[in-house]
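Letter by letter, the chains look like this.
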Amino acid sequence: QVQLVESGGGLVQAGDSLRLSCAASGRTFSSYSLGWFRQAPGKEREFVAAIKWTGDNTLYTNSVKGRFLISRDNAKNTVYLQMNSLTHEDTAVYYCAAGSPYSGPYYGSERYRYWGQGTQVTVSS
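S.K.: Just give me the short version of the pattern of salt bridges, but keep the residues and values in it.
M.R.: For the structure shown, the criterion picks out 3 salt bridges. The residue Arg38 makes a salt bridge to Glu46 at a minimum N-O spacing of 2.6 Å. You can call Arg38 buried: its relative accessible area is 5%. One salt bridge connects Arg38 with Asp90, and the closest N-O pair in it is separated by 2.9 Å. Here Arg38 is found in strand β4 (residues 32-39), whereas its partner Asp90 is found in the loop between β8 (78-83) and β9 (92-101), with 52 residues between them in sequence. Where salt bridges share partners, they join Arg38, Glu46, Arg67 and Asp90 into one cluster.

S.K.: An account of the layout of surface pockets is requested, with residue identities and associated values reported.
M.R.: The volume enclosed by the largest pocket comes to roughly 150 Å³. Lining the largest pocket, in full, are Arg38, Gln39, Ala40, Pro41, Lys43, Glu44, Glu46, Glu89, Asp90, Thr91 and Ala92. Along the lines of polarity and charge, the residues of the lining of the largest pocket split into 3 nonpolar, 2 polar and 6 charged.

S.K.: Describe in detail the pairing of β9, supporting the description with residues and values.
M.R.: Along a regular strand, successive side chains alternate from one face of the sheet to the other. With respect to burial, β9 is a largely interior element, 8 of its 10 residues being buried. Examined bridge by bridge, β4 and β9 share 7 bridges and lie antiparallel to one another. Paired with Gly35 across the strands is Ala97, a residue of β9. Direction of pairing for β9 relative to strand β11 (residues 119-124): antiparallel, over a ladder of 3 bridges. From the neighbouring strand, Val93 faces β11, where its bridge partner is Gln120. Relative to strand β10 (residues 114-115), β9 is paired through 2 bridges, and the arrangement is antiparallel. When the sheet's bridge partners are listed, Ala98 is paired in β10 with Tyr114.

S.K.: Could you give an account of unusual backbone geometry, with specific residues and numbers?
M.R.: Note on backbone geometry: most residues besides glycine have negative phi, and most peptide bonds are trans. With omega at 10 degrees, the peptide bond leading from Gly104 into Pro105 counts as cis. Positionally, Pro105 belongs in the loop between β9 and β10. Here the phi dihedral of Ser85 falls at roughly 50 degrees; this positive angle occurs in a residue that is not glycine. Secondary-structure assignment places Ser85 in the loop between β8 and β9.

S.K.: Quick rundown of the side chain of Ser21? Include the residues and the values.
M.R.: With respect to the secondary-structure elements, Ser21 resides in strand β3 (residues 18-24). We classify Ser21 as buried; its relative accessible area is 16%. Aside from chain neighbours lying at most four places away, what touches Ser21 is Val5, Glu6, Ser7, Trp36, Thr78, Val79 and Tyr80.

What counts, and at which threshold
- Residues numbered from 1 in each chain as written.
- Predicted model: local features only at pLDDT ≥ 70, side-chain atom pairs only at ≥ 80, totals over all residues.
- Heavy atoms only, no water.
- Salt bridge = Lys/Arg side-chain N within 4 Å of Asp/Glu carboxyl O.
- Buried < 20%, exposed > 50% of the residue type's maximum accessible area, 1.4 Å probe, protein only.
- Helix = DSSP H or I, 4+ residues; strand = E, 2+ residues; numbered from the N terminus.
- 1 Å grid on protein atoms, 1.4 Å probe; cavity = no way out; pocket = protein on both sides within 12 Å on 5 of 7 lines; lining within 4 Å.
- Points joined across faces, edges and corners; volume = space filled by probe spheres on them.
- Nonpolar A, V, L, I, M, F, W, Y, C, P; charged D, E, K, R; others polar.
- Pairing = 2+ DSSP bridges.
- Contact = heavy atoms within 4.5 Å.

Okay, here's the thing in structure tokens:
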């Protein structure tokens, strides 16, 4: 069982940066690939980024490549999403998710078993 708690969301202006954190419970954090997803009002949840349990493989959706960076600190049981050059289109609730041990990372949300409650990111244009 993994419990995830996101933080770091807020209201920023276009062009600003924001760093999201996701703290996980459980001693097996280092065995899970982790992902970030987002859901904008009236839209389906979409994949943003993911990182392998080893930290040496990452995935990004095209719209955030070069602007967002996913990283993890296994000693702190935390995964981060550094978001730069934010635009209004990045406005959404951001969720972190964990898959199954020693698998992934994956693009599909169906591959992730555990989800946080989400943190709101609002970018004013």
